[in-house]
Amino acid sequence: MKKKLKARDRGLLIAIVAGFLLMLAMELFRDRLIAALPMGESVYTVSVRLVGGAVCVCLMIYCSFSDLLKFSGHRWGALLAVLPCFLIAVDNFPFLSVAMGDAAIHAGAGEILLYALVCLSVGFFEETAFRGCVFTMIYSRRKKNAFNVFLSVVLSSAVFGAIHLVNLFTGASVGSVLLQVGYSFLIGGMCSVMLLKTHNIWYCVILHALYNFAGGVVPECGSGTIWTVPTVILTVCVSVPVAVYVLALLFRLNREELSLAGDERERDGAEDPAEE
């Protein structure tokens, strides 16, 4: 068993390094790739995010968090408990602005589908990176009490929010970037609680992708004014109760839910006495 584990870990490390080098190469030749690919910018984004997500999945497995990638032992009650979180994602679409004619989607089905794939790839990469790796690594090294659970959620969400400051170097305005940092922090916290409750990273990926798609499909595939007064009021009315609910969910997690990922290496070692 020990040799098998070592071989697996060696393979995972090779995959992680190879994937990282591939991402680096794609970034170095970004302009050429975008120019060569059909629908270059979108296809490039999907490609590099999928590679990044695959690297993070390998890292999760290497760090013994592979249970979070499985649907075995599925918790339907936990899934029902986190359904209100999806209201935040759905509400990110400007329903009232579209209904009142202030905004509209003009793109065809193909362009909208491509944008949906972009959102899905971004959700896959960012959730496996920040919830699957960053949050789990912070959380697994702390005692499982209410304060440390809350602190782990805050720290990992702060890292997720702060990483968006790099957009300042891409020409985005300070105000828009700070706003992005703020809501990224909140979404990150909500996804961390969802991960704790469901023990499944894929719900976080879906929530993240849906949130990005709902909020970006009009500016990317249409035009108009999104943030009208009625839209802001509706957003506040939905967001505040859900935020309170998520906080209550966080502080009511039971012992089983707080045991986020089993110590796979210890379990494997216990199953094979010959290793000792």
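Before reading on, note that the structure itself is shown above.
Here is a short report on the structure shown in this document. (Residues numbered from 1 in each chain as written. Predicted model: local features only at pLDDT ≥ 70, side-chain atom pairs only at ≥ 80, totals over all residues. Heavy atoms only, no water.)

### A short note on the nonpolar core
As a reminder of what qualifies: We call a set of buried Ala, Val, Leu, Ile, Met, Phe, Trp, Tyr and Cys residues a nonpolar core when their side-chain atoms join them within 4.5 Å. The rule is simple: take the accessible area with a 1.4 Å probe, protein chains only, and divide by the maximum for that residue type; under 20% is buried, over 50% is exposed, in between is partly exposed. Only DSSP runs of H or I covering at least 4 residues are called helices, and only runs of E covering at least 2 are called strands; the numbering of each starts at the N terminus. Whether two residues are in contact is decided by their heavy atoms: any pair within 4.5 Å suffices.
In terms of nonpolar packing, the biggest core is built from 43 residues, with Met-190, Met-194, Leu-196 and Leu-207 touching the most fellow members. Among the secondary structure elements, those contributing two or more residues to this core are helix H3 (40-62), helix H4 (76-82), helix H5 (85-91), helix H7 (109-140), helix H8 (146-163), helix H9 (174-198), helix H10 (201-221) and helix H11 (229-251). Of the residues forming this core, the biggest block, 7 residues, is contributed by H9. The residues touching Met-190, leaving out its near neighbours within four places in the chain, are Cys-85, Ile-88, Leu-207, Val-242 and Val-246. Of all hydrophobic cores here, the second largest spans 10 residues; its members include Phe-93, Ala-214, Cys-221 and Ile-226.

### Considerations on the packing of H9 against H10
We count it as follows: Lines fitted to C-alpha atoms define the axes here, with helix axes fitted over just the stretch in contact, and angles between the N-to-C directions of these axes take values from 0 to 180 degrees. Angle categories: roughly parallel below 35 degrees, roughly antiparallel above 145, roughly perpendicular from 65 to 115, and oblique for all the rest. Crossing handedness: left-handed means the near helix sits turned counterclockwise from the far one by under a right angle, and right-handed means the same turn made clockwise.
For the pair H9 and H10, interaxial distance at closest approach is 8 Å and the crossing angle is 150°. By the angle between their axes, H9 is roughly antiparallel relative to H10. The interaxial crossing formed by H9 with H10 has right-handed handedness. Of the residues in H10, those touching H9 at Tyr-183, Ile-187, Met-190, Cys-191, Met-194, Leu-195 and Thr-198 are Ile-201, Tyr-203, Cys-204, Leu-207 and Tyr-211.

### So, the environment of His-164
Keep this limit in mind: Any pair of nitrogen or oxygen atoms within 3.5 Å is treated as a polar contact; in protein, a donor-acceptor pairing is required on top of that, and neighbouring residues in sequence qualify only through side-chain atoms on both sides.
Residue placement: His-164 occurs in the loop between H8 and H9. Placed 112 residues apart in sequence, His-164 and Gly-52 show a C-alpha to C-alpha distance of 17 Å. Ignoring any residue separated from it by four or fewer positions in sequence, one finds His-164 in contact with Glu-126, Val-177, Gln-180, Val-181 and Ser-184. Within the structure, His-164 has its side chain in polar contact with the backbone oxygen of Phe-160 (distance 2.8 Å).

### Side note on the pattern of salt bridges
As a working rule, side chains carrying opposite charge can pair if their charged atoms are close by. Operational definition: Between Lys or Arg on one side and Asp or Glu on the other, a salt bridge is scored when a side-chain nitrogen of the former is within 4 Å of a carboxyl oxygen of the latter.
Tallied over the entire structure, the rule returns 6 salt bridges. Between Asp-9 and Arg-8 there is a salt bridge; the shortest N-O distance is 3.2 Å. Among the ionic contacts, a cluster of salt bridges with common partners joins Arg-30, Asp-31 and Glu-41.

### Here's the deal with a nonpolar patch on the surface
Convention followed: Every patch collects residues that have over 30% relative accessible area and no salt bridge, joining them within 9 Å if they carry like charges and within 5 Å if they are nonpolar side chains (Val, Leu, Ile, Met, Phe, Trp, Tyr). The Shrake-Rupley method, run with a 1.4 Å probe, gives the accessible areas here. Residue values count only the displayed protein chains as cover.
Residues Val-17, Phe-20, Leu-21, Leu-24, Leu-28, Phe-29, Leu-33 and Leu-37 make up a contiguous nonpolar surface patch of about 740 Å² in total accessible area. Examined against the element boundaries, Leu-21 turns out to sit in helix H1 (residues 2-28).

### Topic: H9
The condition that has to hold: Between the first and last residue of a helix there are one fewer steps than residues, each counted as 1.5 Å, and that sum is the expected span.
End to end, H9 covers 36 Å across 25 residues, agreeing with the expected 36 Å (1.5 Å per residue, within 8%). One or two residues past the end of H9 sits His-199, with phi positive at roughly 55°.

### Here's the deal with the side chain of Glu-126
Counted only if it meets this: Only four residue types enter the tally: Lys and Arg on the positive side, Asp and Glu on the negative side; His and the chain ends are excluded.
Relative to the elements of secondary structure, Glu-126 occurs in helix H7. The side chain of Glu-126 sits in the buried core without any salt bridge; Arg-49 is the nearest counter-charge, 5.4 Å away. For Glu-126, the side chain forms a polar contact with the side chain of His-208, separated by 3.1 Å. Look past the residues within four positions of Glu-126 in its chain and what remains in contact with it is Arg-131, Phe-160, His-164 and His-208.

### A short note on the packing of aromatic side chains
How we decide: Stacked, tilted and edge-to-face are the three classes assigned to paired rings of Phe, Tyr and Trp, where Trp is represented by its six-membered ring and a pair needs centres within 6.5 Å; plane angles under 30 degrees give stacked, over 60 edge-to-face, the rest tilted.
Inspection of the entire model under this criterion finds 8 aromatic pairs. Between Phe-71 and Tyr-203 the ring centres are 6.1 Å apart and the planes differ by 85°, which places this aromatic pair in the edge-to-face class. Of this pair, Phe-71 sits in the loop between H3 and H4 while Tyr-203 is found in helix H10, placing the two residues 132 residues apart along the sequence. With a relative accessible area of 10%, Tyr-203 lands in the buried category. Taking 6.0 Å as the distance between ring centres and 15° as the angle between the ring planes, the aromatic pair formed by Phe-124 and Trp-202 counts as stacked.

### Overview of unusual backbone geometry
Even without a glycine there, the phi angle at Met-39 is positive, about 50°. On the secondary structure map, Met-39 appears in the loop between helix H2 (30-36) and H3. With a phi close to 55°, His-199 is a non-glycine residue in the positive phi region. Among the secondary structure elements, His-199 is positioned in the loop between H9 and H10.

### Overview of the packing of H7 against H10
What counts here: Classes in brief: Ala, Val, Leu, Ile, Met, Phe, Trp, Tyr, Cys and Pro nonpolar; Asp, Glu, Lys and Arg charged; the others, Gly included, polar.
Two elements in contact, H7 and H10, have axes separated by 7 Å at closest approach and are oriented at 140°. On the basis of their axis angle, the class for H7 and H10 is oblique. By crossing handedness, the relation of H7 to H10 is classed as right-handed. Partitioning the contact of H7 with H10 into residue classes produces 15 nonpolar, 6 polar and 5 charged.

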